[in-house]
There are 2 protein chains.
Amino acid sequence: MDRLSLNQITTKAWSLPEAVAGCAGAGVGWIGLWRDKVAEVGADRAARLLGEYDVRVSSLCRGGFFTGIEPDGSEVDGLARTREAIDEAALLGADVLVLVVGGVGADGLAASRQRVADAVGELAPYAGERGVRLGLEPLHPMQCAERSVLSTVDQALLIAREHPREQVGVIVDEFHVWWDPRIEESIAAAADRIAGFHVCDQLVPLTDTLLGRALPGDGPIPHRRLRSCVDAAGYTGPIEVEVFNAELWRRPGSEVLADVVAAYREHVA
Amino acid sequence: MDRLSLNQITTKAWSLPEAVAGCAGAGVGWIGLWRDKVAEVGADRAARLLGEYDVRVSSLCRGGFFTGIEPDGSEVDGLARTREAIDEAALLGADVLVLVVGGVGADGLAASRQRVADAVGELAPYAGERGVRLGLEPLHPMQCAERSVLSTVDQALLIAREHPREQVGVIVDEFHVWWDPRIEESIAAAADRIAGFHVCDQLVPLTDTLLGRALPGDGPIPHRRLRSCVDAAGYTGPIEVEVFNAELWRRPGSEVLADVVAAYREHVA
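Scoring rules and cut-offs
- Residues numbered from 1 in each chain as written.
- Chains lettered and ligands numbered in written order.
- Predicted model: local features only at pLDDT ≥ 70, side-chain atom pairs only at ≥ 80, totals over all residues.
- Heavy atoms only, no water.
- Pairing = 2+ DSSP bridges.
- Helix = DSSP H or I, 4+ residues; strand = E, 2+ residues; numbered from the N terminus.
- Axes fitted to C-alpha atoms, helices over the stretch in contact; angles between N-to-C directions.
- Contact = heavy atoms within 4.5 Å.
- Salt bridge = Lys/Arg side-chain N within 4 Å of Asp/Glu carboxyl O.
- Buried < 20%, exposed > 50% of the residue type's maximum accessible area, 1.4 Å probe, protein only.
- Least-squares fit on C-alpha atoms with pLDDT ≥ 70 in both.
- Core = buried A, V, L, I, M, F, W, Y, C linked by side-chain atoms within 4.5 Å.
- Polar contact = N/O pair within 3.5 Å; in protein donor to acceptor, adjacent residues only side chain to side chain.
- Nonpolar A, V, L, I, M, F, W, Y, C, P; charged D, E, K, R; others polar.

By the naming in an unreviewed UniProt entry, chain A goes by Sugar phosphate isomerase/epimerase family protein and is assigned to Amycolatopsis samaneae.

Below is the structure:
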């Protein structure tokens, strides 16, 4: 239980103060924060609240979008925004800033991938100077066009290894990588590059590419097996439960967190 | 143009006789058939029509579902049904039977993958005796749970190589594999195991996991690049345009085929 972290997207109805207090009340010592929720209260107040409740930040979501476009197709300066996110992560005491690297930009897949590698190269020292590790998160291939040209752990590792390990790591999120026939070897190869382990399940049938997630145990993902791989690779950090699910989001945060704790105990811990 | 094949799912409104006549009329010498459309007229009549119109069968869709479940969750004897499909492919003069191997069965991901490998081992000689090549088609990872625990060309190749090359090959379908960071190396490695090349594009945003396809040129898939890889690997067979798209399906087959020909000329040929 001391490794469980609530990724706050799971309790989307909760504000940041509610989520931090909720975690503390439920004995959950870690939280994964989202920048929009931090912005609602301000980063300084968020940092104070975390200290008061003694809840640590497992990761901040998110930087990235280096290919020039956001999921809705609008333009974005991913480098500038990610520098802000690195500063915020440092202020919040988050060891890891999750990167969603961006989808296929106007110049195509190959060029978009190169932009990502270049951006990580530009930002890694900046992050390192501030004590923040960049967490490259491969996203499910169904999100390649819109959100992430980074699709596998192997691919993330190739970029990460160009930089010092304390500056760039890899996030293993079950939803995104469980189907990968190479995932066990990839996790073993990632070893001390693993900067986070996110758990959840997949809805079957998968009717929504973004919200098709469920609590661990409600789908086909082999949690114990992936957990044992991550353990064997040497990862000892927090384990985030991160569920995008419209039905879950309609329920009170406290109920959802209770279900998160139960699912984690039964299927992951 | 002599390599273009119409996968008949693209002109779903057309019956088999309409599709065969339509291909002949448009100068398209190949067609990819589906078993439900063959069943509507009977395999013998289908074979006669193909002969009369001088249209050859690039592939028959489909055998598989070896993990015991169909996409709707119902049980199925994939081995028995695939033997029937092999017989039908032989009768229709189809060189290739496409296999959709099945999703995660009741015994989980790892066991389901083993079932697939075992089934291919059991069926390969049966297919070989009838002059039919089994085409292992990796499906997009978003279809792993429901339709195919086979997700990458590399993974398909590992199974195919256990058997003679004339018995088991691999289908490269752009929609399913374009996002794969290893796809270029995988296609090169597949070489003379490539038993088919299917082209289409992906809708952005991707709002449907099954019907989220478009004609080549309307999405992010780098057709020329993938085509050049498949060429370099030595594949010289038919190229199927296979599009699952609800809007396309509502249009008259002749209009759709004209658009298929135009899109193929502009983006693939």
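Here the narrative resumes.
Peer 1: Before we go on, may I ask you to explain the sheet that holds strand β10 (residues 239–241) of chain A in this structure?
Peer 2: Residues and elements named next belong to chain A. The 8 strands are arranged β1-β2-β3-β4-β5-β6-β7-β10 in a closed barrel whose pairing can be described as parallel. If you compare each strand with its neighbour and ignore which way they point, the axes differ by 30° on average. Across 4 bridges, the pairing between strand β3 (residues 56–64) and strand β4 (residues 96–100) is parallel. If you follow Leu 60 over to β4, its bridge partner there is Leu 97.

Peer 1: Which parts of the structure should I look at to understand the sheet that holds strand β6 (residues 168–173) of chain B?
Peer 2: Strand-to-strand pairing in sheets goes through backbone hydrogen bonds, with the strands running parallel or antiparallel. Residues and elements named next belong to chain B. The strand order around the closed barrel built from 8 strands is β1-β2-β3-β4-β5-β6-β7-β10, with neighbouring strands paired in parallel fashion. Averaged over all neighbouring strand pairs, the angle between strand axes comes to 30°, with direction disregarded. Where helix α6 (residues 153–160) meets the sheet, it contacts β5 (133–136) and β6, and its direction lies at approximately 170° from that of β6.

Peer 1: How should I be thinking about the pattern of salt bridges in this particular structure?
Peer 2: Any two side chains of opposite charge can pair, so long as their charged atoms come close to each other. If you walk through the whole model with that rule in mind, you get 32 salt bridges over all chains. We note a salt bridge from Arg 130 of chain A to Asp 87 of chain A, for which the minimum N-O separation is 3.2 Å. Here Asp 87 of chain A lies in helix α4 (residues 78–92) and Arg 130 of chain A lies in the loop between α5 (109–129) and β5 (133–136), a separation of 43 residues in the sequence. Judged by relative accessible area, which is 32%, Arg 130 of chain A ranks as partly exposed. Of the charged contacts, one joins Asp 259 of chain B and Arg 251 of chain B as a salt bridge, the two residues approaching to 2.9 Å between their closest N and O atoms.

Peer 1: Looking at this structure, how should I read the relation of the copies chain B and chain A?
Peer 2: Each of the two chain copies can be generated from the other by rotation about an axis followed by a shift along it. Superposition of chain B onto chain A requires a rotation of 180° combined with a translation of 0.0 Å along the rotation axis, giving an RMSD of 0.0 Å. Taken together, the rotation and translation describe the operation of a two-fold axis.

Peer 1: I tried to follow the nonpolar core on my own but got confused; where do I start?
Peer 2: Across soluble globular proteins, you tend to see nonpolar side chains buried next to one another. The biggest cluster of nonpolar side chains holds 164 residues, and the ones touching the most others in it are Leu 136 of chain A together with Leu 136 of chain B. Not counting chain neighbours up to four residues away, the residues in contact with Leu 136 of chain B comprise Leu 99, Val 101, Val 120, Leu 150, Ala 156, Ile 159, Ala 160, Val 168, Gly 169, Val 170 and Ile 171 of chain B.

Peer 1: Explain helix α1 (residues 16–26) of chain B here, please?
Peer 2: Spacing of three or four residues puts side chains on the same side of an α-helix, whose turn is 3.6 residues. All names here are of chain B. Within the span of α1, buried status applies to Leu 16, Pro 17, Ala 19, Val 20, Gly 22 and Cys 23. Looking at the packing, one finds that the buried side of α1 touches β1 (4–7), β2 (30–34), α2 (35–41), α3 (43–53) and α11 (253–267). Remark: Gly 27 follows α1 within two positions and exhibits a positive phi of approximately 75°.

Peer 1: Mind showing me how you'd approach the side chain of His 140 of chain A here?
Peer 2: Structurally, His 140 of chain A can be placed in the loop between β5 and α6 (153–160). Among the residues examined, His 140 of chain A registers a relative accessible area of 0% and is labelled buried.

Peer 1: I would appreciate a short explanation of the pairing of strand β7 (residues 194–199) of chain A in the present structure.
Peer 2: Residues and elements named next belong to chain A. The buried fraction of β7 is high, at 6 of 6 residues. Pairing of strand β6 (residues 168–173) with β7 involves 4 bridges; the strand directions are parallel. Bridge assignment links Val 172 to a residue of β7, and that residue is Phe 197. Relative to β10, β7 runs parallel, the two being bridged by 3 bridges. If you follow Val 199 over to β10, its bridge partner there is Val 241.

Peer 1: Which parts of the structure should I look at to understand the interface of chain B and chain A?
Peer 2: Interface size, as often reported, equals the accessible area lost upon joining of the parts. Between chain B and chain A, the residue contacts involve 22 residues of the former and 22 residues of the latter. Applying the counting rule to chain B against chain A returns 0 salt bridges. The tally of links between chain B and chain A comes to 4 residue pairs in polar contact (both at pLDDT 80 or more). Per-class residue counts for the side of chain B that touches chain A are 13 nonpolar, 6 polar and 3 charged.

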